[in-house]
Amino acid sequence: MRKTTCVLKMSLRIYFAGSIRGGRDDVQLYMKIIRLLQGYGTVLTEHVADERLGAYGEKQISDEEIHKRDFEWLSQSDVMVAEVTQPSLGVGYEIGRAVDMNKRILCLHRPQPGKRLSAMIRGIHNGSSVTVRDYEEKEIESILQTFFSSV
Ligand SMILES: O=c1[nH]c(=O)n([C@H]2C[C@H](O)[C@@H](COP(=O)(O)O)O2)cc1CO
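Residues numbered from 1 in each chain as written. Predicted model: local features only at pLDDT ≥ 70, side-chain atom pairs only at ≥ 80, totals over all residues. Heavy atoms only, no water.

1. Some remarks on the sheet that holds strand S3 (residues 79–83)
- An order of S2-S1-S3-S4-S5 is seen for the five strands of this open sheet, with the pairing classed as parallel. The open sheet has two edge strands with one neighbour each: strand S2 (42–43) and strand S5 (130–134).
- Sheet analysis places strand S1 (residues 13–17) next to S3, joined by four bridges and oriented parallel. Across the sheet, the residue bridging to Phe16 is Val81, located in S3. (Pairing = 2+ DSSP bridges. Helix = DSSP H or I, 4+ residues; strand = E, 2+ residues; numbered from the N terminus.)

Printed below as a string of structure tokens:
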């Protein structure tokens, strides 16, 4: 029984969203989160943590191709995890689409002095399908553990 649960969890497809053109200040943290997420399933969007990717984003494919590919990955995903501290139009858009698709969503936000998370993100928290969570970096592992135990 235990083995079956483990196999099912490893087949989870996870869409990780993080800022690219919105700014790359948190890229190291995205890498850390993605590494932890890989313990729960397949991360479809590993490139978001690629340090070689600057604030210009991917250069080998067009914006239309990026949008089409990411929309397909989002459709195929079981779960979305978004790091929303660095404001990003793309991440906000992806979260909105994921809400429309009734995905399970975890938004992670690190409170910053003098800043407030958008009401359009904070306001989607419903305690069941969508969780919006303030956190400190040292809490990531336990937050993910709690989240994935209910997926
Ligand atoms: O090159 C890219 N590749 C890509 O996959 N994205 C997607 C994934 C990220 O979760 C999100 C980031 O949006 P933005 O670039 O507006 O910060 O959009 C965004 C870009 C550039 O906008």
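Still to come is the rest of the account.
2. A word on the packing of helix H2 (residues 27–37) against helix H6 (residues 140–149)
- It is at 11 Å that the axes of H2 and H6 come closest, and there the two elements cross at 40°. By the angle between their directions, the pair H2 and H6 is classed as oblique. In terms of crossing hand, the pair formed by H2 and H6 is right-handed. Here H2 contributes Leu29, Ile33, Leu36 and Leu37 to the contact with H6, which in turn contributes Ile140, Glu141, Leu144 and Phe148.
- Split by residue class, the contact of H2 with H6 holds seven nonpolar, no polar and one charged. (Axes fitted to C-alpha atoms, helices over the stretch in contact; angles between N-to-C directions. Parallel < 35°, antiparallel > 145°, perpendicular 65-115°, else oblique. Left-handed = near helix turned anticlockwise from the far one by under 90°. Contact = heavy atoms within 4.5 Å. Nonpolar A, V, L, I, M, F, W, Y, C, P; charged D, E, K, R; others polar.)

3. Remarks on helix H4 (residues 89–100)
- Spanning 12 residues, H4 covers 17 Å between terminal C-alpha atoms, matching the ideal 16 Å at 1.5 Å per step.
- Within H4, the full set of buried residues consists of Val91, Glu94, Ile95 and Ala98. Each buried residue of H4 sits inside an arc of 100° when the element is viewed along its axis, so together they form one side. Exposed and oriented more than 90 degrees from the buried face of H4 are Leu89 and Asp100.
- Of the residues one or two after H4, Asn102 is the one with positive phi, at around 55°. (Expected span 1.5 Å × (residues − 1). Buried < 20%, exposed > 50% of the residue type's maximum accessible area, 1.4 Å probe, protein only. Arc of directions from axis to C-beta.)

4. Re the UniProt feature "binding site: substrate" (unreviewed entry) in the chain
- In the UniProt entry, the feature "binding site: substrate" (unreviewed entry) is given for Tyr30, Glu94, Ser118, Ala119 and Met120. An extended arrangement is adopted by the annotated residues: their sequence extent is 91 residues, and the largest C-alpha distance between any two is 22.7 Å.
- Along the chain, the position of Ala119 falls in helix H5 (residues 119–122).
- The class for Ala119 is exposed, based on a relative accessible area of 58%.
- In this structure, Met120 sits in helix H5.
- The class for Met120 is exposed, based on a relative accessible area of 68%. (UniProt positions renumbered as here; feature names shortened; annotations may be inferred.)

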